[in-house]
Amino acid sequence: MVPLAKDTLTKADVQEKLEDIFSHYRGERQELIPILQETQAKFRYLPAAAMREISKFLQIPESSVYGVSTFYAQFKLTPLGRKLIRVCRGTACHVRGSAKVLAEIEKQLGIKAGETTGDMEYTLETVACIGACALAPTMTIDSETYGKMSTKKVAEVLGDRSKAG
Ligand code: FES
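Residues numbered from 1 in each chain as written. Predicted model: local features only at pLDDT ≥ 70, side-chain atom pairs only at ≥ 80, totals over all residues. Heavy atoms only, no water.

A. Layout of the overall build of the chain. A tally of helices and strands in the chain yields seven helices and four strands. Taken from the N to the C terminus, the helices and strands of the chain come in the order α-α-α-α-β-α-α-β-β-β-α. Overall, the chain is about 50 × 30 × 25 Å in size when its C-alpha atoms are taken along their principal axes. Counting all 165 residues of the chain, 41% fall into the buried class. In the chain, the share of contacts with a sequence separation of at least 24, taken over all contacts with a separation of at least 6, comes to 64%. Split by element, the accessible area of the chain, about 9100 Å² in all, is 53% carbon and sulfur. A gap of 8 Å separates the mean positions of the 23 positive and 20 negative side-chain charges of the chain. (Helix = DSSP H or I, 4+ residues; strand = E, 2+ residues; numbered from the N terminus. Buried < 20%, exposed > 50% of the residue type's maximum accessible area, 1.4 Å probe, protein only. Contact = heavy atoms within 4.5 Å. Areas by Shrake-Rupley, 256 points an atom, 1.4 Å probe, with all protein chains shown as cover. Lys, Arg positive; Asp, Glu negative; His and termini not counted. Charge placed at Lys NZ, Arg CZ, Asp CG, Glu CD.)

In structure tokens:
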């Protein structure tokens, strides 16, 4: 099993990019969300080291920065993989077996939904409905949609993507 991805960035790793972001702001509390959005855009997640610096810059407790970051689903607290897999758990997909498809992907990748493989290749998430219910059960890898999924098709789809790089 591949170990999970870890947040390993240090203060030195994040400092330069954060200084660039902070230069557009005045250091006021209400700037927290746009700063978090810009930080995530730079790092593809919110490193703990960056959250500490943001808390100092805005002079608010670290717990407030974490509180906001964990409240909004758009913010990721662990590094994202190069490929983002989303398995639909909407009603149409659910009744056609999306839970089994998800379980098979989790088994093959050795991670649970919400996690990233230790080699940083895949992040696995679930979504409510991707708007392709006629193809249920569905999943996506980045912008590609895969319909009529089954546990058998999982290896095929994951294999295709790793060859595509
Ligand atoms: S419920 Fe899965 S695509 Fe709509």
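After that view of the structure, there is still more to cover.
B. Looking closely at the packing of aromatic side chains. This model, assessed by the stated rule, comprises three aromatic pairs. Their ring planes at 5° and their centres at 4.1 Å tell us that F22 and F57 sit as a pair that is stacked. A residue pair is termed long-range when its members are at least 10 positions apart, and F22 in helix α1 (residues 11–22) and F57 in helix α3 (residues 48–58) qualify at 35 residues. The buried category is assigned to F22, whose relative accessible area is 13%. On the basis of relative accessible area, F57 is assigned to the partly exposed category, the value being 24%. With 6.3 Å between their ring centres and 85° between their planes, Y72 and F75 make a pair best called edge-to-face. Ring pairs connect the aromatic residues F71, Y72 and F75, which therefore count as one cluster. (Phe/Tyr/Trp six-rings, centres within 6.5 Å; stacked < 30°, edge-to-face > 60°.)

C. Inspection of the pattern of salt bridges at higher detail. Overall, the coordinates contain nine salt bridges when judged by the stated rule. Among the ionic pairs, K107 bridges to E104, the shortest N-O distance being 3.8 Å. Of this pair, K107 and E104 both sit in helix α6 (residues 98–109), three residues apart, which is roughly one turn of the helix. Taking relative accessible area as the criterion, K107 reaches 63% and is therefore assigned exposed. Taken together, the salt bridges that share partners define one network made up of K76, R86 and E125. (Salt bridge = Lys/Arg side-chain N within 4 Å of Asp/Glu carboxyl O.)

D. Here's a closer look at the environment of G159. Relative to the elements of secondary structure, G159 occurs in helix α7 (residues 151–164). Assessed through its relative accessible area of 23%, G159 is described here as partly exposed. The spatial distance from the C-alpha of G159 to the C-alpha of Q74 is 28 Å, given a sequence separation of 85 residues.

E. Expanded view of α1. Considered for burial, the residues of α1 that qualify are V14, L18, I21 and F22. One side of α1 holds all its buried residues, which, seen down the axis, span an arc of 80°. Facing away from the buried side of α1 by over 90 degrees, the exposed positions are A12 and E16. Lining the buried residues of α1 we find α2 (32–43) and α3. (Arc of directions from axis to C-beta.)

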